[in-house]
Amino acid sequence: MAESTTTRQPFAGWDEPDLDLSNAEWRSGSQGAGDVQIAFVEGFIAMRNAGKPGSPPLIFAPAEWRAFVVNARDGEFDLT
């Protein structure tokens, strides 16, 4: 399956980097069974829906990603 190379416009006031994701090595969570995939590209972290790999990914700066991971580990996003 071909990777998406679509460039999209960032939200106003947000300087999202223009990354080439065509050769990204996407990794799945939960030992390959998860619906989310991440790739480390040019110092940024891209996250996409594994079920819709052509949809636009979310792009995180390293500090944003670190804050997300720390808070997820602390249970901040638990819905139960």
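Preceding block: the structure.
In short, a report on the structure. (Residues numbered from 1 in each chain as written. Predicted model: local features only at pLDDT ≥ 70, side-chain atom pairs only at ≥ 80, totals over all residues. Heavy atoms only, no water.)

1. Things to note about the sheet that holds strand E4 (residues 58-60)
Pairing in this open sheet of 4 strands is antiparallel, and the strands run E1-E2-E3-E4 from one edge to the other. One side of each edge strand has no neighbouring strand; the edge strands of this open sheet are strand E1 (27-28) and E4. Sheet analysis places strand E3 (residues 44-49) next to E4, joined by 3 bridges and oriented antiparallel. Among the inter-strand pairings, Met47 is bridged to a residue of E4, identified as Leu58. (Pairing = 2+ DSSP bridges. Helix = DSSP H or I, 4+ residues; strand = E, 2+ residues; numbered from the N terminus.)

2. Considering the pairing of strand E2 (residues 36-41)
As judged from the 2 bridges shared by E1 and E2, these two strands associate in the antiparallel manner. What sits directly across from Arg27, in E2, is Ile38. The pairing of E2 with E3 spans 6 bridges and is classified as antiparallel. Paired with Gln37 across the strands is Arg48, a residue of E3.

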